[in-house]
Amino acid sequence: MIYIVTALPCEASPIVRKYGLKRDSCRHFPLYRGDGMCLIVSGVGKMSAAIATAYLLAYDTGLGQTGGEKGLAIINIGVCGAFHQRYPIGTPLLVNKVIDHETGNQYFPDILIEHPFEEGSLETYNHVVRQEDVLSGRVEPQADLADMEASGFFQAASRFLSPHQIYIIKVIGDYLDVVDFDRQRVAHCISGIMGLLDGFIKGVEGLCRVEGDVLTPDERQQLEKVKKSLRLTVTQSHQLMDAARRYKLRTGRQLPDLTEFTQTQIKVKAEGKKAFERIRRLLLYE
Amino acid sequence: MSKFSHIYIEERATNYPVAQQVLKRFSDSKRVIIRHYKDVFNRPHQDFRRQKASTKLILAVKPEPFLYPGPEVCESFGNQNFYYTSPILNCIYDCHYCYLQGLYPSANIVIFVNIEDFFGAVDRQLEGGTLYLCPSYDTDLLALEGIVPYASRWIEFAGTRQGLRMELRTKSANYGAIAHLKPVEQVILAWSLSPGEVAQRYERLAPTLKARLSAIKAALQDGWQVRLCFEPLLKVDNWQQIYGKFLDEVFSIVPAERVFDANIGVFRMNKEQFKRISRLRSDTDVFAFPTVCREGGVVTYEDEEEMREFFYRHLSRYLPQERIYG
Ligand code: SF4
């Protein structure tokens, strides 16, 4: 599952179109869904980005309660300003360092896959940065790019996810010299990277895919039944799963038939403990 | 993505000669300037396994302390004042059972570039008496010699210090990288060995047993003191047969009479680390045999003592008992 956070509707629209995402009924944010993808429009500013990101990851994925699904990644996509003219307008950069201008804190996504982008650093400000701020020395750039969301996005996302599941792609929209904000130009910048973005998303999905459990769904189901009928404690349940996995890794065989234990009705705890010990021995020593 | 695609460099580390050497060696890597290595190394929720497939380098300046008292689970070989030091964190090999997976939050390799400060700390310690030092515990210095020549730096340093005894532990076959150095009385080259099939199965990326034995033979011929570390002894099907044959193989190549000493260590690990690692490594059966948690929170095999006895008996056919530790 790929989650996308953009600040503005005009940054979202080329992505919504490309992936055929449909508007969700969410009351709190503009939210769009499609096959294996969910996009939220956060609004401008790092606080807004943090709130939308946390909302998405806590409520939509179930990570908030259960630890949830792991095979996911989140990407902040948007336009930004560049402090230098090394790259032309429209160039997408994958951010390898985010600096929060106000706190000075630094954040680092883990870039573990090949990708088609240039890489660069990004400083997130609470306010719009203009060329004259830099020229006058009011702003001393610490990075290649400037935006207003990434540090909030990253901080919120890293509460829930590993750094290899969090990405920031910024397209250079200007050299901090914009006078009139032009939605179409912004949308054009994002449209221009859709081909590269698509390939990147596939790579990220591959990296974040959850490895299969050694236990088959049937085996897991049977073990769940055993846990229930023997009324195992949380610790015993963990031990049972652990012993079952070890058994399979060690012997390379399917789990032995545990039906007998799924039919036992336990009246006192001691009986459950005894039966549990039998299974454990069976799994560890056979 | 390739190994060392990125090098993270603490700002203050940039001008150290070691940093310059590494940056020159990996001139194509992306460079990211950082304030403190922990900003990268200690990030929450890092995925050790996935990072192993695309390890990054971090160049940093280590603040005090530089020396740590030797841990109790490690053999001191009868030496007083046993300390270890970590000029590098993490390793280029990927042993299934490696305790570093449970110890560090990241698989990235940290190189502390202020090696002179480490040497200074050793000198200060030596003012108070002798020192037995292990600088290759939380890494494999010889394996990393091609990236940063710390094995040779430590050897050269030790060669000029009285009262210092140093063990350089390795699984590397990279003896050629230090073969130009004169053997140093203060230094013991210590090779960790496992049966060929065990190494192949559980010591990913580490050299084969044969390659390690050739390196040992060459080192002995050049006059180095060589220690053989038979640890961790791992439980595998038919372990008696496998470990028995293994010793025959080792001593068919390595002249036993020239071996300085040896130690035996059945697999054991701190309980917390064991828990973390076995959760992380559902892809291996290395922890699949029954274990127990002994007093002091150390996890080992239920029949640890039997394994040790068996191996000790076989090893003492080749080495006198006073040269066997553990
Ligand atoms: S050689 Fe040692 S430090 Fe390196 S991976 Fe193997 S066990 Fe870990």
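Given the structure is predicted, the values throughout are model-derived calculations rather than measurements.

Trainee: Describe the overall build of chain B, naming the residues involved and giving the relevant values.
Mentor: Summing up its helical and strand segments, chain B has 11 helices and 18 strands in all. Relative to a compact globule of 326 residues, whose C-alpha radius of gyration would be 20 Å, chain B shows 20 Å and is just as compact. Expressed along its principal axes, the backbone C-alpha trace of chain B runs to roughly 55 × 45 × 35 Å. When contacts within chain B are restricted to residue pairs at least 6 apart in sequence, long-range pairs at least 24 apart make up 76% of them. A total accessible area of about 13300 Å² is found for chain B, and carbon and sulfur atoms account for 48% of it. A distance of 5 Å separates the average location of the 41 positive side-chain charges in chain B from that of its 39 negative side-chain charges.

Trainee: So, the sheet that holds strand β9 (residues 131-134) of chain B: which residues are in play, and what are the values?
Mentor: Residues and elements named next belong to chain B. Strand order across the open sheet formed by 8 strands is β4-β5-β9-β10-β11-β13-β14-β18, with mixed pairing between neighbours. The sheet is open, and its two edges are formed by β4 (68-69) and β18 (324-325), each paired on a single side. Pairing geometry for strand β10 (residues 164-170) and strand β11 (residues 187-192), over 5 bridges, is parallel. By the bridge assignment, Glu167 is partnered in β11 with Ile188. Against the sheet, helix α8 (residues 209-221) touches β11 and β13 (225-233), its axis set at about 160° to β11. Those strands touched by helix α11 (residues 304-315) are β13, β14 (261-266) and β18, and its axis lies near 160° from that of β14.

Trainee: Tell me about the side chain of Asp147 of chain A, residues and numbers included.
Mentor: Residue and element names in this part refer to chain A. Mapped onto the secondary structure, Asp147 falls in strand β9 (residues 145-147). With a relative accessible area of 5%, Asp147 lands in the buried category. Within the local environment of Asp147, its side chain forms a polar contact with the backbone nitrogen of Glu149, the two atoms lying 3.2 Å apart. What Asp147 contacts, discounting residues up to four positions off in sequence, is Asn76, Cys80, Leu122, Glu123, Thr124, Tyr125 and Lys170.

Trainee: Tell me about the pattern of salt bridges, and name the residues and values.
Mentor: Counted under the stated rule, the structure contains 35 salt bridges over all chains. Across the pair Arg43 of chain B and Asp110 of chain A runs a salt bridge, and its minimum N-O distance is 3.3 Å. Linking Arg43 of chain B in the loop between α2 (37-41) and α3 (48-52) with Asp110 of chain A in the loop between β7 (106-107) and β8 (118-124), this pair reaches from one chain into another. The class of Arg43 of chain B is buried, set by a relative accessible area of 7%. Residue classification places Asp110 of chain A among the buried positions, given a relative accessible area of 1%. Linking Glu309 of chain B and Arg308 of chain B is a salt bridge whose minimum nitrogen-to-oxygen distance equals 3.9 Å. Looking at Glu309 of chain B, the relative accessible area reads 37%, which means it is partly exposed. Several salt bridges share partner residues, and in doing so they unite Glu167, Arg169, Arg227, Glu231, Asp261 and Arg268 of chain B into one network.

Trainee: Can you explain the sheet that holds strand β15 (residues 268-270) of chain B? Please cite residues and give values.
Mentor: Residues and elements named next belong to chain B. Strands sit in the order β15-β17-β16 across an open sheet of 3 strands; the sheet is antiparallel. A single partner strand is all that each edge strand has here, and the edge strands are β15 and β16 (291-294). Averaged over all pairs of adjacent strands, the angle between strand axes in this sheet comes to 30°, irrespective of strand direction. As paired elements, β15 and strand β17 (residues 298-301) share 3 bridges and run antiparallel to each other. Within β17, the residue paired with Met269 across the bridge is Val299. Against the sheet, helix α10 (residues 271-280) contacts β15, β16 and β17, and its axis sits at roughly 100° relative to β15.

Trainee: Lay out the domain arrangement of chain A in plain terms, naming residues and giving numbers.
Mentor: When the parts of a complex come together, some accessible area is lost, and that lost area is often taken as the interface size. When the domains of chain A are assigned, the result is domain 1 (2-212) and domain 2 (215-285). A straight line from the C-alpha centre of domain 1 of chain A to that of domain 2 of chain A covers 45 Å.

Trainee: Lay out the pairing of strand β3 (residues 31-34) of chain A in plain terms, naming residues and giving numbers.
Mentor: Residue and element names in this part refer to chain A. Bridge count for strand β2 (residues 22-23) against β3 is 2 bridges, and the pairing is antiparallel. Counted as the bridge partner of Lys22 is Arg33 from β3. As judged from the 4 bridges shared by β3 and strand β4 (residues 37-41), these two strands associate in the antiparallel manner. Each bridged residue has a counterpart across the sheet, and for Tyr32 the counterpart in β4 is Leu39. Between the end of β3 and the start of β4, which pair antiparallel, lie 2 residues, with Gly36 showing a positive phi angle near 70°.

Rules used throughout
- Residues numbered from 1 in each chain as written.
- Chains lettered and ligands numbered in written order.
- Predicted model: local features only at pLDDT ≥ 70, side-chain atom pairs only at ≥ 80, totals over all residues.
- Heavy atoms only, no water.
- Helix = DSSP H or I, 4+ residues; strand = E, 2+ residues; numbered from the N terminus.
- Rg over C-alpha atoms; globule rule 2.2 N^0.38 Å.
- Contact = heavy atoms within 4.5 Å.
- Areas by Shrake-Rupley, 256 points an atom, 1.4 Å probe, with all protein chains shown as cover.
- Lys, Arg positive; Asp, Glu negative; His and termini not counted.
- Charge placed at Lys NZ, Arg CZ, Asp CG, Glu CD.
- Pairing = 2+ DSSP bridges.
- Axes fitted to C-alpha atoms, helices over the stretch in contact; angles between N-to-C directions.
- Buried < 20%, exposed > 50% of the residue type's maximum accessible area, 1.4 Å probe, protein only.
- Polar contact = N/O pair within 3.5 Å; in protein donor to acceptor, adjacent residues only side chain to side chain.
- Salt bridge = Lys/Arg side-chain N within 4 Å of Asp/Glu carboxyl O.
- Domains from an automatic or database assignment.

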